[in-house]
Amino acid sequence: MKVPLLDLAGQYRSIRTEVLKEVKTVCDSQHYILGKNCAALESEIAAYSGARFAVGVASGTDALLLALMAAGVGIGDKVITTPFTFFATAGSIARLGALPVFVDIDPRTYNIDPAAVEAVLKKSAKGVKGLNPFKAILPVHLYGQCADMAAINKIARKYGLPVIEDAAQSIGAGYKGKKAGAIGDMGCFSFYPTKNLGGFGDGGMVTTNSPKLAGLVRMLRVHGSKKRYYHDLVGANSRLDELQAAVIRVKLKRLDAWTDGRIKNAARYDALFEKAGLEGKVAVPYVEGNCLSVYNQYVIRAKKRDELRAHLSAQGIGSEIYYPLSLHQQKCFKYLSYKTGSLPESEKAAKQVMALPIYPELSAAQQKYVVASIAAFYEKG
Ligand SMILES: *Cc1c(COP(=O)(O)O)cnc(C)c1O
């Protein structure tokens, strides 16, 4: 049996006719940039996530970049974020000449630890009053589960900082009656093909309840202009094109059904692992009581992880490590002077985690095969 980490072919088959029709309509209209589909998708994503505004941009990375710019982050400013995330989170901060300040994660959820956020702010606040070098907090909703936003928002209010959610992996994720992207000041989504709502290329979106921030992002995506050829700000060329928007709109209608499939598959894995009795060898994902995870990834912690991966690969089972090297240890961030051992939970997670196939079309038989193969690996000793 073959179990790929992700197989988008089945999903494509189910929407092919409708998608091709919409793509043809865009081509026939010859309107490719900032047209009807982008505007409609913006309203639909705003409604879906419960935010007042949504602004389509060229990628999830650009969503982060423009959100940070809208928050006024610039050269020398500090932004607190997690070291255990995809590179774009911290890369966007650094590209603006700002400094990512990494704080450790909660070992159960892998999301940023609010106590660590507060500790860093407290330390700096002892210095000169009113000269806080921090400009924003950038939590990531990793693998499909929201960070501890109540605690983070509370700290942010206390120190007067905006909160930008990196919701690239978590569209539709629930948190205390709210949804990812509408809990902080701004939310950033990605439509990269492997995300839960993926286009046929790159795309992204910024959500917010603030008309001011929405207006800024709207300007920043067209080189900082409101009136063509008159530039109030230096922005970027970062627009969500019509072909992507048309494809994503077709998929958005099915997103909740696909998410349900992921949640059901996760529950099935949980039950299979429990039955296999692998305590002490495999830890299944932990979801907080007030959270609804959309399982962009189903990530286990595993003993002898790298050997397990090789074993699974030989059995035709795909897996991946998100992420093998904590961001504070990346070569490009050497100038930030973090020492190995300084963020131990993130470093430990990088050595232990691995993602198993979780896409909605995965069959029960495939999941049984995955768990049986894992159990067989540990029985070998
Ligand atoms: C995918 C991802 C991004 C970047 O999105 P792109 O659309 O690929 O630019 C940012 N942050 C996280 C956590 C992601 O998973």
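So, how was this worked out
Residues numbered from 1 in each chain as written. Predicted model: local features only at pLDDT ≥ 70, side-chain atom pairs only at ≥ 80, totals over all residues. Heavy atoms only, no water. Helix = DSSP H or I, 4+ residues; strand = E, 2+ residues; numbered from the N terminus. Rg over C-alpha atoms; globule rule 2.2 N^0.38 Å. Buried < 20%, exposed > 50% of the residue type's maximum accessible area, 1.4 Å probe, protein only. Contact = heavy atoms within 4.5 Å. Areas by Shrake-Rupley, 256 points an atom, 1.4 Å probe, with all protein chains shown as cover. Lys, Arg positive; Asp, Glu negative; His and termini not counted. Charge placed at Lys NZ, Arg CZ, Asp CG, Glu CD. Pairing = 2+ DSSP bridges. Near = heavy atom within 4 Å. Polar contact = N/O pair within 3.5 Å; in protein donor to acceptor, adjacent residues only side chain to side chain. Nonpolar A, V, L, I, M, F, W, Y, C, P; charged D, E, K, R; others polar. Phe/Tyr/Trp six-rings, centres within 6.5 Å; stacked < 30°, edge-to-face > 60°. Lys NZ or Arg CZ within 6 Å of the ring centre and 35° of its normal. Disulfide = S-S within 2.5 Å.

Novice: Give a description of the overall build of the protein that names residues and reports values.
Specialist: Tallying secondary structure elements over the protein gives 12 helices and 15 strands in all. The C-alpha atoms of the protein give a radius of gyration of 21 Å, which matches the 21 Å a tight globule of 381 residues would have. In terms of overall dimensions, the protein has a C-alpha envelope of 65 × 60 × 35 Å along the principal axes. Within the protein, the proportion of its 381 residues that are buried is 53%. Across the protein, every contact between residues at least 6 apart in sequence was considered, and the portion connecting residues at least 24 apart equals 72%. Counting only carbon and sulfur atoms, one obtains 56% of the accessible surface of the protein, whose full area is about 16,900 Å². Distance between charge centres in the protein, computed from 50 positive and 33 negative side chains, equals 3 Å.

Novice: Account for unusual backbone geometry, naming residues and giving values.
Specialist: The amide bond that connects tyrosine 322 to the next residue, tyrosine 323, takes the cis arrangement and shows omega of 15°. One non-glycine residue with positive phi stands out, namely tyrosine 110, at about 70°. Within the secondary structure layout, tyrosine 110 lies in the loop between strand S3 (99-102) and helix H5 (114-125). Here tyrosine 110 falls in the buried class, since its relative accessible area comes to 6%. One non-glycine residue, tyrosine 143, lies in the positive phi region at around 65°. When you line up the elements, tyrosine 143 lands in the loop between strand S4 (134-138) and helix H6 (149-159). You can call tyrosine 143 buried: its relative accessible area is 6%.

Novice: If you had to explain the pairing of strand S14 (residues 298-302) to someone new, which residues and values would you point to?
Specialist: Along S14, 5 of the 5 residues are buried, which leaves the element largely enclosed by surrounding structure. Going residue by residue along S14, you find Tyr298, Ile300 and Ala302 tucked away on one face and Val299 and Arg301 tucked away on the opposite face as well. Inspection of the sheet shows strand S12 (residues 282-283) paired to S14 by 2 bridges, in the antiparallel sense. Bridge pairing links alanine 283 to arginine 301 in S14.

Novice: Please set out the site of the ligand residue by residue, giving values where relevant.
Specialist: As a matter of local geometry, the ligand sits amid 16 residues, with Gly60, Thr61, Asp166, Ser190 and Lys195 nearest to it. Contact between the ligand and glutamine 169: an oxygen atom at 2.8 Å from a side-chain N or O atom of the residue. Serine 190 is positioned with one of its side-chain polar atoms (N or O) 2.6 Å from an oxygen atom of the ligand. Considering the ligand on its own, with 380 Å² of exposed area, one finds that the protein chains cover 93% of that surface. Looking at the shell around the ligand, the elements with two or more residues in it are helix H3 (60-70) and helix H4 (88-95). Looking at which element gives the most residues to the shell around the ligand, the answer is H3, with 3 residues. Grouping the constituent residues of the shell around the ligand by class yields 6 nonpolar, 8 polar and 2 charged.

Novice: So, the packing of aromatic side chains: which residues are in play, and what are the values?
Specialist: As enumerated under the stated definition, the model contains 14 aromatic pairs in all. Between phenylalanine 377 and tyrosine 378, the ring centres sit 4.9 Å apart and the planes meet at 75°, which makes this aromatic pair edge-to-face. For the residue pair phenylalanine 377 and tyrosine 378, the accessibility class agrees, reading buried in each case. Among the aromatic residues, ring-to-ring pairing joins Phe84, Phe86, Tyr110, Tyr143, Tyr322 and Tyr323 into one connected group. Lying over the aromatic face of tyrosine 230, lysine 227 brings its terminal NZ or CZ to 4.4 Å of the ring centre.

Novice: Account for the state of the cysteines, with residues named and values stated.
Specialist: What the rule picks out here adds up to 0 disulfides. In this model cysteine 188 remains outside any disulfide bridge; the closest cysteine sulfur is found in cysteine 146, 13 Å from its own.

Novice: Go over the environment of glycine 35 with me, naming the residues and quoting the values.
Specialist: Mapped onto the elements of the fold, glycine 35 is located in the loop between helix H1 (9-29) and helix H2 (36-49). Between the C-alpha atom of glycine 35 and that of phenylalanine 86, which follows or precedes it by 51 residues, the distance is 31 Å.

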